[in-house]
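Breakdown of the fold
In case you want the letters, here they are:
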Amino acid sequence: VQILVVNTGSSTVKFSLVDSTSEQVQIAGQVDWSDHPAQMQVRCGSEHYSGKYAVNSPREAVQLALGQLDENPVLKARCSAVAAVGHRVVHGGTLFQAGVRITDEVKRGLKQLCDLAPLHNPINLEGIEAAQHAWPGIPQVAVFDTAFHATLPAAARTFGLPQQWSEEWGLRRYGFHGLSHAYCTDRASTMLGRRDLRLVICHLGQGCSLSAVRNGVCVDTSMGFTPLDGLVMGTRSGSVDPGLLIHAMRHHRLSADDLDRILNRESGLLGLSGLSNDMRQLQEAADAGNQRAGLSIEVFLHRLRQTIGATAAVLGGIDALVFTAGIGENSVPIRRRACEGLEFLGLHLDQAANERCRPDADIATKESPGRILVLRTHEDLTIVRETVRVLRAEGQPG
Ligand code: AMP
C-alpha cells in the first residue's frame, strides 16, 4: 500500500507518497508560504510541477497539496493505493508514546498538549484537520517526534528539581528528533547486522541532538523539556547555566519573551558568530581568518565531544557513533574534528574514508573496535513504518 506522509510546519508543508513495501518515495512535494504568493513544488518520477498560489495558513497549504493530488491526472494516477495519511506531530507528551490512529479523543489529547509545544502542535493539528476534511475516508495517523524517547529511564528523564515540578507540572526530559533517531537506529542495526549495539546518534542539522541507544532502545538524549537543551545549534543556545538566565532577567531586564526569542532564534552559531547559522558559511569565514566564526565552530565541537563522552559513560562504551542530518551528513571537517581524541573510546576515524564519504557509509578504520557511520536520515520512513504498524494493529492491510 501507499502512505501519504504530511509534515505541517509554520511556513511549509512537506508531503510525500511512499510505497510501504519498497519504501520508495513516489511523489514528493512542498508548499512554502514564507513569501507571497506561496510556492508549491511537486516531483513525481521525472515529472516536476510548480506554481504560485494564494496560501496563508497551514490549513490552506494542506488543502492545496491534497487537492493537487486529487486533481492533477498524473499524480492522481499514482495515488492508487493510499491506505493512510501519516502526520508528523512534534509533541506526544506522556499521553502518546507511539503512533496512534487519529480519533476525536486523540484530537482532544493533542489539544491538551499544545501548551507543551505551542509553536508546533497547534500547527500539526491544523494540518491533521485539513487532511481529514480533504480526504474524509482515509485513516489518519499521528506519529510523534518525542515517542522514540519514551523509553528514557527515570534517572535520565528527571531533572534535579523539586518533585512537584516533574510530577505535577510535567517538567521532564521529553527529547525530540525521535523520527530521525529511530530511523538511524534501524539503519545502523541493518548495516552492522545486529541489534545488540550501543549507539550514539548525533543528529546535526539546524537543530542538533544526540541520543544514546542500547539494544534498539533509547536510554538518554540531549534535548530536554524543549528542543533548546543540549548541543549548540544553528540559532538555539543549547544547555546554559540556568543561574545565568536568572542573572540576565534581573540585571539586564530581560523578560520571558525576550529570553524565548534570544535563546531560540538569536543564539547558537548565529549568536556566537554574529554572522550566520549555516555551518558552511562559518567554515568559509573561519578559513578566511574570521575569529568569531572560528570560535563558534570550536564551541559547537567542544559541546559535541563533551556530550559524546558523557553519553559513552551512560552506555558503558560505544559500538557505533552515527552522524546524520545536514552537518553530520555533509561536513567532512566537523566529523573529523568531532572524532579527534575519541580513540580512547575505540573510535578510530579513517581520514580518507571520511573525505570521500557518500552516505550511508562506515568511515572508521578497519581495525577500529567501534564503527563510525554516516547515515542519510529519512524521517519520513519512520512515519511510514509507524503508520503501517498502527494499521496492522487494527487488522488493516499495511
Ligand atoms: P538540516 O536541518 O538537517 O536540513 O541541516 C541544515 C544545516 O546543515 C545547514 O544550516 C548547514 O549548517 C548544514 N550543512 C549542510 N550542508 C553542509 C556542508 N556541506 N557543510 C557543513 N554544513 C552543512
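Structure report, in brief. (Residues numbered from 1 in each chain as written. Predicted model: local features only at pLDDT ≥ 70, side-chain atom pairs only at ≥ 80, totals over all residues. Heavy atoms only, no water.)

Some words on the overall build of the chain
Put simply, the rule reads: The helix count covers DSSP runs of H or I at least four residues long, the strand count covers runs of E at least two residues long, and both are numbered beginning at the N terminus. In this setup the radius of gyration rests on C-alpha atoms only. A globule is expected at 2.2 Å times the number of residues raised to 0.38. Residues are treated as being in contact if the distance between any of their heavy atoms lies within 4.5 Å. Per-residue and other accessible areas follow the Shrake-Rupley method at a 1.4 Å probe size, with only the shown protein chains counted as cover for residues. For this count, His and the chain ends are skipped, Lys and Arg are scored as positive, and Asp and Glu as negative. Charged groups are reduced to one reference atom each: NZ for lysine, CZ for arginine, CG for aspartic acid, CD for glutamic acid.
Check the secondary structure of the chain and you find 16 helices and 14 strands. The globule rule puts the C-alpha radius of gyration for 398 residues at 21 Å, and the 21 Å found for the chain is close to it. Each principal axis of the C-alpha atoms in the chain carries an extent, and together these give about 55 × 55 × 45 Å. For the chain, restricting intrachain contacts to residue pairs at least 6 apart in sequence, the fraction spanning at least 24 positions comes to 60%. Just so you have it, the chain exposes about 18,200 Å², and 50% of that area is on carbon and sulfur atoms. Between the centroid of the 39 positive side chains of the chain and the centroid of its 42 negative side chains there is a distance of 2 Å.

Focus on the site of the ligand
The condition is simple: What makes a residue near a molecule or strand is one non-hydrogen atom of that residue sitting within 4 Å of it. The term polar contact refers here to a pair of N or O atoms within 3.5 Å; inside protein, the definition further demands a hydrogen-donor-capable atom paired with an acceptor-capable atom, and it admits residues adjacent in sequence only when both atoms are side-chain atoms. The classification used treats Ala, Val, Leu, Ile, Met, Phe, Trp, Tyr, Cys and Pro as nonpolar, Asp, Glu, Lys and Arg as charged, and all other residues, Gly among them, as polar.
The immediate surroundings of the ligand are formed by Gly-205, Gln-206, Asp-278, Met-279, Arg-280, Gln-283, Ala-325, Gly-326, Ile-327, Asn-330 and Ser-331. The side chain of Asp-278 places a nitrogen or oxygen atom 3.3 Å from an oxygen atom of the ligand. In this structure, an oxygen atom belonging to the ligand sits 2.8 Å away from a main-chain N or O atom of Met-279. The fraction of the free accessible surface of the ligand (500 Å²) that becomes covered by protein chains is 71%. Per-class residue counts for the shell around the ligand are three nonpolar, six polar and two charged.

Some remarks on a nonpolar patch on the surface
Rule in force here: Patch definition: residues with relative accessible area over 30% and no salt bridge; like charges joined within 9 Å; nonpolar side chains (Val, Leu, Ile, Met, Phe, Trp, Tyr) joined within 5 Å. By definition here, a salt bridge exists when the distance from a side-chain nitrogen of Lys or Arg to a carboxyl oxygen of Asp or Glu is within 4 Å. When accessible area is computed with a 1.4 Å probe and restricted to protein chains, residues below 20% of their type maximum are described as buried, those above 50% as exposed, and intermediate ones as partly exposed.
Taken together, Leu-161, Trp-165 and Trp-169 make up a surface patch of nonpolar side chains, about 300 Å² in accessible area. Summarising the element assignment, Leu-161 is placed in the loop between helix 5 (154–157) and helix 6 (163–167). When its relative accessible area of 39% is taken as the criterion, Leu-161 is described as partly exposed.

Brief notes about the side chain of Arg-172
Within the secondary structure, Arg-172 sits in the loop between helix 6 and helix 7 (178–192). Comment: no salt bridge for buried Arg-172; closest opposite-charge side chain is Asp-220, at 10.0 Å. When residues no more than four places from it in sequence are discounted, the contact partners of Arg-172 are Thr-94, Arg-157, Phe-159, Gly-224 and Phe-225.

Side note on helix 8 (residues 242–251)
Three- or four-residue spacings in an α-helix give side chains the same orientation, since the helix completes a turn every 3.6 residues. Between the side-chain oxygen at the start of helix 8 and the backbone nitrogen of Gly-243 there is a gap of 2.7 Å, and the oxygen is on Asp-241. Within two residues after helix 8, Arg-253 carries a phi angle of roughly 55°, on the positive side.

Here we look at the pairing of strand 12 (residues 320–324)
Note on strand geometry: in a regular strand, side chains alternate between the two faces of the sheet. Applicable threshold: Paired strands, as defined in this entry, are two strands with at least two bridges between them according to DSSP.
The buried fraction of strand 12 is high, at five of five residues. Residues Ala-320, Val-322 and Thr-324 of strand 12 are buried on one face, and the alternating residues Leu-321 and Phe-323, pointing to the opposite face, are buried as well. Examined bridge by bridge, strand 9 (residues 198–204) and strand 12 share five bridges and lie parallel to one another. Considered in strand 12, the bridge of His-203 is made with Thr-324. Summarising the sheet, strand 12 and strand 14 (residues 371–374) pair through four bridges and their orientation is parallel. Bridging from a neighbouring strand, Phe-323 pairs with Val-374 of strand 14.

As for the sheet that holds strand 4 (residues 38–44)
The strand order across the open sheet built from eight strands is 5-4-3-2-1-6-8-7, with neighbouring strands paired in mixed fashion. One side of each edge strand has no neighbouring strand; the edge strands of this open sheet are strand 5 (47–53) and strand 7 (100–101).

Here we look at the environment of Leu-315
Tracing the sequence through the fold places Leu-315 in helix 12 (residues 291–315). Sequence spacing of Leu-315 and Lys-111 is 204 residues, and the spatial spacing of their C-alpha atoms is 36 Å.

Observations concerning the sheet that holds strand 14
To be explicit about the condition: Axis geometry follows a simple rule: fit a line to the C-alpha atoms, using only the stretch in contact for helices, then measure angles between N-to-C directions, giving values from 0 to 180 degrees.
What the six strands build is an open sheet, ordered 11-10-9-12-14-13; its pairing is mixed. The strands lining the two open edges of the sheet, one partner per strand, are strand 11 (217–221) and strand 13 (361–362). Alignment of strand 10 (residues 208–214) against strand 11, held across four bridges, turns out to be antiparallel. Across the sheet, the residue bridging to Arg-214 is Val-217, located in strand 11. On the sheet, helix 7 packs against strand 9, strand 10, strand 12, strand 13 and strand 14 and is oriented at approximately 130° with respect to strand 9.

Re the side chain of Asn-124
Tracing the backbone through its elements, the reader meets Asn-124 in helix 4 (residues 121–134). At a separation of 3.0 Å, a polar atom in the side chain of Asn-124 contacts the main-chain carbonyl oxygen of Thr-8. If we skip the residues at most four places from it in the chain, Asn-124 touches Thr-8, Arg-88, Val-89 and Val-90.

Topic: the packing of aromatic side chains
Our working rule: Pairing of aromatic rings covers Phe, Tyr and Trp, the last counted by its six-membered ring, and requires centre-to-centre distances within 6.5 Å; plane angles under 30 degrees mean stacked, over 60 mean edge-to-face, and any other angle means tilted.
Using the criterion set out here, one finds three aromatic pairs in the structure. Ring geometry for Tyr-174 against Phe-225: centres 6.0 Å apart, planes inclined by 45°, an arrangement best described as tilted. On the criterion of sequence distance, the pair formed by Tyr-174 in the loop between helix 6 and helix 7 and Phe-225 in the loop between strand 11 and helix 8 is long-range, its members being 51 residues apart. The class of Tyr-174 is buried, set by a relative accessible area of 5%.

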